[in-house]
Amino acid sequence: MTTLPVHTHPQSNRQTIFFISVLTIIWLIAYNLIQPLANWVSYSALHLRQDSQLGEAVAFFLYDVPKILLLLSGMIFIISIIRSFFSPERTRALLGGKREGVGNIFAALLGIVTPFCSCSAVPLFIGFVEAGIPLGVTFSFLIAAPTINEIAIIMLFGLFGWRVAGIYILSGLTIAIVAGWIMGKLKMEQHVEDFVWKVQRKGNVIEEKLTWSDRISQALTSTREIVGKVWLYVIVGIAIGAGIHGYVPETALISIMGRQAWWSVPAAVLLGIPLYSNAAGMIPIVSALLEKGASLGTVLAFMMSVIGLSLPEAVILRRVLKLPLLITFFSVIAVAIMLTGFLFNWIL
């Protein structure tokens, strides 16, 4: 395929840089105002007590809804810009052209060093599918990116040394590779929502040389379309997570995960699924659980389920995955995390 050279003018480039700069400043200001504004609305405007369950739930909801929507919008925009430099054919050559097992390993390793969270699941999934990357390889990346978290690695290293941190990395990598490989072997492509394949067909029509203005225009269009499809799912998922965040007592979690019964790991994973937090938010919870006598494997399984099996991610992914594929995806990860928890409890 031949393309004609595109000549850009300095004036156009300056306008593009100015537009991106203004957009970035607005985004940063809005993102930094979320926390104080959520607290002001919750505790000053609504006069809720800061130590009350309702106050914590409302503040959590008012903080996380705009935060996730802003992160989602920003992530889609950035990914769309980056994706504009790589044609589907080029990306397919990078991952899709490899044997599925090798592709799973490569995707999982890429996910470790990529700081994506659950809010980026939809644009990442659509981008991988658009590039023709196999479904199982795509899932290996989606599992590794949030599950193997750099904050969790640092925390585990500080508390327990490299042995435990290394086992955490290895177990997370194994989960991503094996779970993705299993998902690929199940051949469940028919359970991906139809509009995703339509995006793929449109993306494969022509490969062309784009200007920066073209890339920004396409990224804005993609951001508007995808956020328009998932925003309600995001709000519903965070509302459920906020209710649990405010009303589930920490003592109940400690009483379950502090026991050495065989069912403590599965119970911890099931408890972690509806909760919503990132690794930074899990650090004080993990520390409190360990101080109360909870076993390390059970606590790590809980933390990995909160990060890797979060309800908001499930709700967001529901927009691009039909229910059978979504259930299978989360079931495979849940089983793998349970095995990791049992392994830690056995080793330590």
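Structural data are supplied above this passage.
What you see is a predicted model, and the numbers here were worked out from it, not measured in a lab.

Q: I'd like to hear about the overall build of the protein, residue by residue, with values.
A: A count of helical and extended segments in the protein gives 16 helices and zero strands. Considering only residue pairs separated by 6 or more positions, the protein has 83% of its internal contacts joining residues 24 or more positions apart. Working note: accessible area of the protein is about 17,000 Å², and carbon and sulfur atoms make up 68% of it.

Q: Talk me through helix H6 (residues 135-147); I want residue IDs and the actual numbers.
A: Compared with the 18 Å implied by 1.5 Å per residue over 13 residues, the 18 Å span of H6 between its first and last C-alpha is a close match. Within H6, 13 of the 13 residues are buried, leaving the element largely enclosed by the surrounding structure.

Q: Can you lay out a nonpolar patch on the surface for me, pointing to particular residues and giving the numbers?
A: Taken together, the side chains of Trp262, Trp263, Val335, Leu339 and Phe342 present a nonpolar region at the surface, about 550 Å² in accessible area. Within the secondary structure, tryptophan 262 is located in the loop between helix H11 (250-257) and helix H12 (264-272). Tryptophan 262 sits in the exposed class, given a relative accessible area of 64%.

Q: Let's hear about the packing of helix H8 (residues 162-185) against helix H16 (residues 323-347): which residues, and what values?
A: Relative to each other, H8 and H16 sit at 150°, their axes nearing to 10 Å. Considering their axes alone, H8 and H16 lie roughly antiparallel with respect to each other. Every pair of crossing elements has a handedness; the one defined by H8 and H16 is right-handed. Here Arg163, Val164, Ile167, Tyr168, Ser171, Ile175, Ala179, Ile182 and Met183 of H8 lie close against H16, whose contacting residues are Leu325, Thr328, Phe329, Val332, Ala336, Ile337, Thr340, Phe344 and Ile347. The residue makeup of the contact of H8 with H16, split by class, is 14 nonpolar, three polar and one charged.

Q: Describe unusual backbone geometry, listing the residues and the values that go with them.
A: At histidine 47, a residue that is not glycine, the phi angle is positive and equals roughly 60°. Inspection of the secondary structure puts histidine 47 in the loop between helix H1 (10-45) and helix H2 (53-83). The exposure class of histidine 47 is exposed, given its relative accessible area of 66%. You will see that lysine 187, though not glycine, has its phi angle at about 50°, which is positive. In this structure, lysine 187 sits in the loop between H8 and helix H9 (194-203).

Q: Lay out the environment of glutamine 53 with the relevant residues and their values.
A: When you line up the elements, glutamine 53 lands in helix H2. Classification of glutamine 53 by relative accessible area gives partly exposed; the value is 43%. A C-alpha to C-alpha distance of 5.7 Å links glutamine 53 and tyrosine 247, two positions 194 residues apart in sequence.

Rules used in this analysis
- Residues numbered from 1 in each chain as written.
- Predicted model: local features only at pLDDT ≥ 70, side-chain atom pairs only at ≥ 80, totals over all residues.
- Heavy atoms only, no water.
- Helix = DSSP H or I, 4+ residues; strand = E, 2+ residues; numbered from the N terminus.
- Contact = heavy atoms within 4.5 Å.
- Areas by Shrake-Rupley, 256 points an atom, 1.4 Å probe, with all protein chains shown as cover.
- Expected span 1.5 Å × (residues − 1).
- Buried < 20%, exposed > 50% of the residue type's maximum accessible area, 1.4 Å probe, protein only.
- Patch = residues over 30% accessible without salt bridge, like charges linked within 9 Å, V, L, I, M, F, W, Y side chains within 5 Å.
- Salt bridge = Lys/Arg side-chain N within 4 Å of Asp/Glu carboxyl O.
- Axes fitted to C-alpha atoms, helices over the stretch in contact; angles between N-to-C directions.
- Parallel < 35°, antiparallel > 145°, perpendicular 65-115°, else oblique.
- Left-handed = near helix turned anticlockwise from the far one by under 90°.
- Nonpolar A, V, L, I, M, F, W, Y, C, P; charged D, E, K, R; others polar.

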